[in-house]
Amino acid sequence: MNIEPIGKPAFLSDIKYGDFFFAQIGETIRGCVKAYLIENDAHIVDYIISFTPGYQDDIKLPLLVEAKSILGKTAYRVSDPHFRHTVSTKSMLLRPEYWPKPGIVVENMDGSFLTIKSGNMPHKIVYMNLNTGEVVFSAPKAPFVFVLEWKIILKRNDAEQVLVQFPFTNENVFA
């Protein structure tokens, strides 16, 4: 029998910043990305970005969650997921005064930043650099474009499996 693994079980400490994985948060399995925040210019705090409803949300948004909520639990790391976005005419024609809601990706010359609902933090929205996993409070610098549709996929041979898609629908929430 030929087995092609798509990932391996791991602890959060074994997962790199910016990597996609599945973990149990509360009673559900959620897709997550490991992230970090630098506090006081020296102290690094681990977070995870959860792609499911928050405690008070009826809609599904990326949510910043403290990493300690899954410490000691097994995570399932996914090998080689790909972030694919669609830059549409609609997103390029948005007025400069528009500012994204959680889930929208802001692209500029410095990279791609996912807007995230920040939970109990003093800022309502934080931004995660999709390449590094770093969470920052300041908005990306102009010029930028808003990515209103994106997905995280797993490519195997000629097939693709959608792991997370935004905007979220009932059909693509970790089926």
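These numbers come from a predicted model, not from an experiment.

Criteria and cut-off values
- One numbering rule holds for all chains: residues counted from 1, following each sequence as written.
- It should be noted that, the model being predicted, local features are given only for residues of pLDDT at least 70 and side-chain atom pairs only at 80 or more, the latter also being counted only at that level, while totals for whole chains, interfaces and linings use all residues.
- To obtain the side-chain values, all non-hydrogen atoms of the structure were included, while hydrogens and water were left out.
- Among buried residues, the Ala, Val, Leu, Ile, Met, Phe, Trp, Tyr and Cys ones that are joined through side-chain atoms within 4.5 Å form a nonpolar core.
- Relative accessibility decides the category of a residue: with a 1.4 Å probe and only protein chains considered, values under 20% of the type maximum give buried, values over 50% give exposed, and everything between is partly exposed.
- Numbering of helices and strands starts at the N terminus; helices are DSSP runs of H or I of at least 4 residues and strands are runs of E of at least 2.
- Contacts between residues were defined by any pair of non-hydrogen atoms, one from each residue, lying within 4.5 Å.
- Between Lys or Arg on one side and Asp or Glu on the other, a salt bridge is scored when a side-chain nitrogen of the former is within 4 Å of a carboxyl oxygen of the latter.

**Remarks on the nonpolar core**
- Membership of the largest hydrophobic core comes to 28 residues, with the highest contact counts inside it found for Phe20, Ile49, Phe51, Leu114, Met128 and Trp150.
- Considering every element that reaches this core, the biggest residue donor is strand E4 (residues 43-52), with four residues.
- Leave out the neighbours within four places in its chain, and Phe20 touches Gly31, Cys32, Val33, Phe51, Arg77, Val78, Pro81, Ile152, Leu163 and Val164.
- In terms of nonpolar packing, the next biggest core, distinct from the first, is built from 13 residues, Leu12, Ile15, Ala23 and Val65 among them.

**Structural notes on the pattern of salt bridges**
- Throughout the structure, instances matching the rule amount to two salt bridges.
- The residue Glu66 makes a salt bridge to Lys68 at a minimum N-O spacing of 3.3 Å.
- Judged by its relative accessible area of 40%, Glu66 is partly exposed.
- Here Glu160 makes a salt bridge to Arg84, at a shortest N to O gap of 2.9 Å. On the criterion of sequence distance, the pair formed by Glu160 in strand E14 (residues 159-166) and Arg84 in strand E7 (residues 81-86) is long-range, its members being 76 residues apart.
- With a relative accessible area of 41%, Glu160 lands in the partly exposed category.
- Judged by relative accessible area, Arg84 falls into the partly exposed class, the value being 33%.

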